Amino acid sequence: MQRSKTALVLAGGGVAGAAYEIGALCAIDQLLDQLSVNEFDIYVGTSAGGLVAACLANNITPRTLLSVLDSAILGIEQLAPQHLFALNLPDILTRARRLPAALADTIRRLFGEWGHFSLLDLVEALSVGLPTGLYDTSGLDAYLRTALTMPGRSNSFRDLPHELAIVATELDRGERAVFGKPPLRDVPISRAVCASAAIPLFYRPVRIGDRDYIDGGIRGTASLDVAIEAGAELIVCINPMVPFDNHGHAPGQSISDEGMQFIGNQVFRTFIHAGLHYHIKQVRRRHPEVDIVLIEPTSKDNVMFADNTMRYRTRMTVARHGYETVATHLNEHYGYYHEMLQRHGVQITNQRITNDLRKIAAAGDDVRLVRAALAAGGSLHTVPADLAHTLAELDRLLSRLEQAQTSTAS
């Protein structure tokens, strides 16, 4: 049976979201038979999902990405805090020069409008001295540019073997911008990823040409319609951000009791999740012939809700959690996915993820063994994780070559 045109759509979610997606992709890769997540026809990424999608479209496997979260491997430097959190120092200094004048004007207004001048007025008056973002994406741009210009990879949308679309938001018009499609096809992939990932206030807007771009999630965290316009008939969508169901909390442990950060976290997740599910509902109504596989945490997943989405130190914990929860879900609903994917000419097997889950459980809290298991696709042994990964990748490539030769011979 001829395989349908497939698409992988990855939503945003900061550092934690990218780590969850990488873990989930490792599980999906283990489920697929005679196909890998690097062999989808179309990739669409938003924000952190754009970073992961750009790597997948360049044939960087999810197990390589998992290793890169923790160490350098196969010539790719470890993704470290300096690549993600480069201070927006020039803008901070430039804007700070406006503070004395703003403060003087605020004092004049305070005396002239006494009784009518609120705290919000004060914040607004002093905001001219605030930077356009705490951090700059220049470090991420340089890191990605280096990784994507290595032999066998490309930082150009035109040179990729698969279709890639990176979604951002044009700041001045508030409209969606799709890099990889005309007229934004000639923008370097690394630059497009930075534009898509420029979370407002956290990162300064990314200027490309004469236009500024910010996080693509502002216009919707996952653009399934972009994949459908490219001809996708089977879409796998991964969304790391869901609101937390805390209704059965103990006294004094409601979300509001936890303070502003938790309230903001819940609001952000609710906004993202509601928009995505409305989008999926509309897509399914308009395109009933398209099957959509949505992978996301459950509403009771306290691991995904517990930390700030941009916290770097929890990345490996979240990646493992993503792998285990998604692999368990795929295992439990294997019959459903087997039937759906078979209609599209995609074969799956749950033997590998069943074996992985058993061995990861046996590893317990031994970080070294767990990392080796994930990087090597379930092979628990005492060799270094990067060597285990390299051997696993070699085995995968040899298996593909053997399958291709068998297919040609028949």
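If you're wondering where the values come from, they're calculated on a predicted model, not measured in any experiment.

**Student:** Just to check I follow, could you spell out the packing of helix 1 (residues 14-31) against helix 15 (residues 351-363) for this structure?
**Tutor:** The geometry of a pair of packed helices is captured by two quantities: the angle between their axes and the separation between those axes. One way to put it is that helix 1 packs onto helix 15 with a least axis distance of 7 Å and a crossing angle of 130 degrees. By the angle between their directions, the pair helix 1 and helix 15 is classed as oblique. Here Ala 27, Asp 29, Gln 30 and Leu 31 of helix 1 come into contact with helix 15, specifically with Arg 352, Ile 353 and Asp 356. The class makeup of the residues in the contact of helix 1 with helix 15 is 3 nonpolar, 1 polar and 3 charged.

**Student:** Looking at this structure, how should I read unusual backbone geometry?
**Tutor:** Glycine aside, the phi torsion of most residues is negative, and most peptide linkages are trans. Here Pro 182 and Pro 183 are connected by a cis peptide whose omega angle stands at 5 degrees. Examined against the element boundaries, Pro 183 turns out to sit in the loop between strand 7 (175-179) and helix 9 (189-196). Not every positive phi belongs to a glycine, and Gln 34 is a case in point at roughly 65 degrees. One can find Gln 34 in the loop between strand 2 (32-33) and strand 3 (42-46). By relative accessible area, Gln 34 is classed as exposed at 58%.

**Student:** In this structure, what is going on with the confidence of the model for the chain? I would like to understand it.
**Tutor:** As a note on interpretation, predicted positions should not be read in detail where pLDDT is low. Averaged over every residue, the pLDDT of the chain is 86; the share at 70 or more is 87%. No element of the chain has a lower mean pLDDT than helix 17 (residues 385-409), which averages 49, and none a higher one than strand 1 (residues 6-10), which averages 98. In the model, residues 378-392 has pLDDT below 50 throughout and makes 31 contacts with residues more than four positions away in sequence or in other chains. Every residue in residues 395-400 is under pLDDT 50, and counting partners more than four places away or in other chains gives 7 contacts.

**Student:** Looking at this model, I keep getting lost on the pairing of strand 6 (residues 163-170). Mind explaining?
**Tutor:** Side chains on a regular strand alternate between the two faces of the sheet. With respect to burial, strand 6 is a largely interior element, 7 of its 8 residues being buried. In the sheet, strand 3 pairs with strand 6 via 5 bridges, with the strands oriented parallel. When the sheet's bridge partners are listed, Ile 42 is paired in strand 6 with Glu 163. When strand 6 meets strand 7, the two strands line up antiparallel, connected through 5 bridges. Looking across to strand 7, one finds that Val 167 is bridged to Val 178. Between the antiparallel neighbours strand 6 and strand 7 lie 4 residues, among them Gly 174 with a positive phi of about 70 degrees.

**Student:** Sorry, what's going on with the nonpolar core here?
**Tutor:** For soluble globular proteins, the rule of thumb is that nonpolar side chains tend to be buried together. Ranked by internal contacts, the top residues of the largest apolar core, which has 86 residues, are Leu 56, Leu 164, Phe 179, Ile 295 and Leu 330. Take this core: its biggest share by element is 11 residues, from helix 1. Discounting residues that sit within four places of it in the chain, Ile 295 has contacts with Tyr 20, Ile 28, Cys 237, Ile 238, Asn 239, Val 326, His 329, Leu 330 and Tyr 337.

**Student:** Would you take a moment to explain the sheet that holds strand 4 (residues 86-87) for this structure?
**Tutor:** In a beta sheet, neighbouring strands pair by backbone hydrogen bonds and run either parallel or antiparallel. Reading across the sheet, the 3 strands line up as 4-5-8 and stay open at both edges, with mixed pairing between neighbours. Strand pairing shows two members of the sheet lacking a second neighbour, strand 4 and strand 8 (201-203), which therefore form its edges.

**Student:** Please clarify how a nonpolar patch on the surface should be interpreted in this entry.
**Tutor:** On the surface, a cluster of nonpolar side chains totalling about 290 Å² of accessible area is made up of Leu 87, Leu 89 and Leu 93. Mapped onto the elements of the fold, Leu 89 is located in helix 5 (residues 89-96).

**Student:** Sorry, what's going on with helix 2 (residues 48-57) here?
**Tutor:** In an α-helix, one full turn covers 3.6 residues, which means residues spaced three or four apart are oriented alike. With 10 of 10 residues buried, helix 2 lies mostly within the body of the structure. Among all positions in helix 2, only Ala 48, Gly 49, Gly 50, Leu 51, Val 52, Ala 53, Ala 54, Cys 55, Leu 56 and Ala 57 are buried. Just downstream of helix 2 lies Asn 59, where phi reads positive at about 65 degrees.

**Student:** I keep staring at the packing of aromatic side chains and nothing clicks. Help me out?
**Tutor:** The tally for this structure, following the rule as stated, stands at 10 aromatic pairs. A ring pair is formed by Phe 179 and Tyr 213, whose centres lie 5.2 Å apart and whose planes are at 65 degrees; its orientation type is edge-to-face. Within this pair, whereas Phe 179 is found in strand 7, its partner Tyr 213 is found in strand 10 (residues 211-215), the two being separated by 34 residues in sequence. Side by side, Phe 179 and Tyr 213 carry an identical accessibility label, which is buried. An aromatic cluster is present here, built from Phe 85, Tyr 135, Phe 202 and Tyr 203 joined pairwise through their rings.

Parameters at a glance
- Residues numbered from 1 in each chain as written.
- Predicted model: local features only at pLDDT ≥ 70, side-chain atom pairs only at ≥ 80, totals over all residues.
- Heavy atoms only, no water.
- Axes fitted to C-alpha atoms, helices over the stretch in contact; angles between N-to-C directions.
- Helix = DSSP H or I, 4+ residues; strand = E, 2+ residues; numbered from the N terminus.
- Parallel < 35°, antiparallel > 145°, perpendicular 65-115°, else oblique.
- Contact = heavy atoms within 4.5 Å.
- Nonpolar A, V, L, I, M, F, W, Y, C, P; charged D, E, K, R; others polar.
- Buried < 20%, exposed > 50% of the residue type's maximum accessible area, 1.4 Å probe, protein only.
- pLDDT = per-residue confidence, 0-100.
- Pairing = 2+ DSSP bridges.
- Core = buried A, V, L, I, M, F, W, Y, C linked by side-chain atoms within 4.5 Å.
- Patch = residues over 30% accessible without salt bridge, like charges linked within 9 Å, V, L, I, M, F, W, Y side chains within 5 Å.
- Areas by Shrake-Rupley, 256 points an atom, 1.4 Å probe, with all protein chains shown as cover.
- Salt bridge = Lys/Arg side-chain N within 4 Å of Asp/Glu carboxyl O.
- Phe/Tyr/Trp six-rings, centres within 6.5 Å; stacked < 30°, edge-to-face > 60°.

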